[in-house]
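Remarks on the overall topology
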Amino acid sequence: VEVRESGGGLVQAGNSLSLTCATSGRSIVSNVIGWFLQAAGKEREFVAAISWNGGRTLYSDAVKGRFTISRDNAKSTVYLQMNALKPEDTAVYYCAGDISTAHELHSIPHEYEYWGQGTQVAVSS
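Cut-offs and rules
Residues numbered from 1 in each chain as written. Predicted model: local features only at pLDDT ≥ 70, side-chain atom pairs only at ≥ 80, totals over all residues. Heavy atoms only, no water. Disulfide = S-S within 2.5 Å. Helix = DSSP H or I, 4+ residues; strand = E, 2+ residues; numbered from the N terminus. Pairing = 2+ DSSP bridges. Axes fitted to C-alpha atoms, helices over the stretch in contact; angles between N-to-C directions. Core = buried A, V, L, I, M, F, W, Y, C linked by side-chain atoms within 4.5 Å. Buried < 20%, exposed > 50% of the residue type's maximum accessible area, 1.4 Å probe, protein only. Salt bridge = Lys/Arg side-chain N within 4 Å of Asp/Glu carboxyl O.

**Thoughts on the state of the cysteines**
Considering all chains together, one arrives at 1 disulfide under this definition. Paired through a disulfide, cysteine 21 and cysteine 95 show a sulfur-sulfur distance of 2.0 Å. Measuring the twist about the S-S bond at about -75 degrees, one finds the cysteine 21-cysteine 95 disulfide to be left-handed. Here the residue cysteine 21 occupies a position in strand 3 (residues 17-24), and cysteine 95 occupies one in strand 9 (residues 91-98), the gap between them amounting to 74 residues.

Structural data, given as structure tokens:
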């Protein structure tokens, strides 16, 4: 699966961004998809995950209530709507897919088998 994130940029605190994870090469319809972030000098952290049909979602405590993950399987695309952005949200954001048939919503990076190259999000105060 090829994964391409887009939608990152520089915004002021309190504003919004919408990230897109476009996939190709193989259907993701049965895969759990997650978003992770990695700030400079820090380890990769879980942001959100969504089940294969969008019926279940999982968020980190840091973004719960501010971010919304969604997917459109017909377009092989997953989205991350980020509202009320904070300077601490500044990071590279990665989209990842889990091909496991267990369909669990994992928050651990190594549970995901394929990754995109990331898109930079910078939030100024």
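**Concerning the sheet that holds strand 8 (residues 77-82)**
Ordered in space as 1-3-8-7, the 4 strands form an open sheet in which the pairing is antiparallel. Strands with a single pairing partner mark the edges of an open sheet, and in this sheet they are strand 1 (2-6) and strand 7 (67-72). Averaged over all adjacent pairs, the angle separating strand axes in this sheet is 15 degrees, with direction ignored. Where strand 7 meets strand 8, 6 bridges bridge the pair, whose relative direction is antiparallel. Paired with arginine 71 across the two strands is valine 78, which belongs to strand 8.

**Quick word on the nonpolar core**
Counting residues in hydrophobic clusters, the biggest one holds 27 residues, and the most contacted among them are Trp35, Val47, Leu80, Met82 and Tyr93. Those elements that provide at least two residues to this core are strand 3, strand 4 (32-38), strand 5 (45-50), strand 7, strand 8, strand 9 and strand 11 (119-124). Counting residues in hydrophobic clusters, the runner-up holds 7 residues, among them Phe36, Phe46, Ala49 and Leu105.

**Here we look at the pattern of salt bridges**
Tallied over the entire structure, the rule returns 2 salt bridges. Of the charged contacts in the structure, one is a salt bridge between aspartate 61 and lysine 64, with a shortest N-O distance of 3.4 Å. In this structure aspartate 61 comes out as exposed when scored by relative accessible area, which is 69%. Close ionic contact of arginine 66 with aspartate 89 constitutes a salt bridge, the shortest N to O distance being 2.8 Å. Of this pair, arginine 66 sits in the loop between strand 6 (57-59) and strand 7 while aspartate 89 sits in the loop between strand 8 and strand 9, placing them 23 residues apart in sequence. Here arginine 66 matches aspartate 89 in class, with each residue buried.

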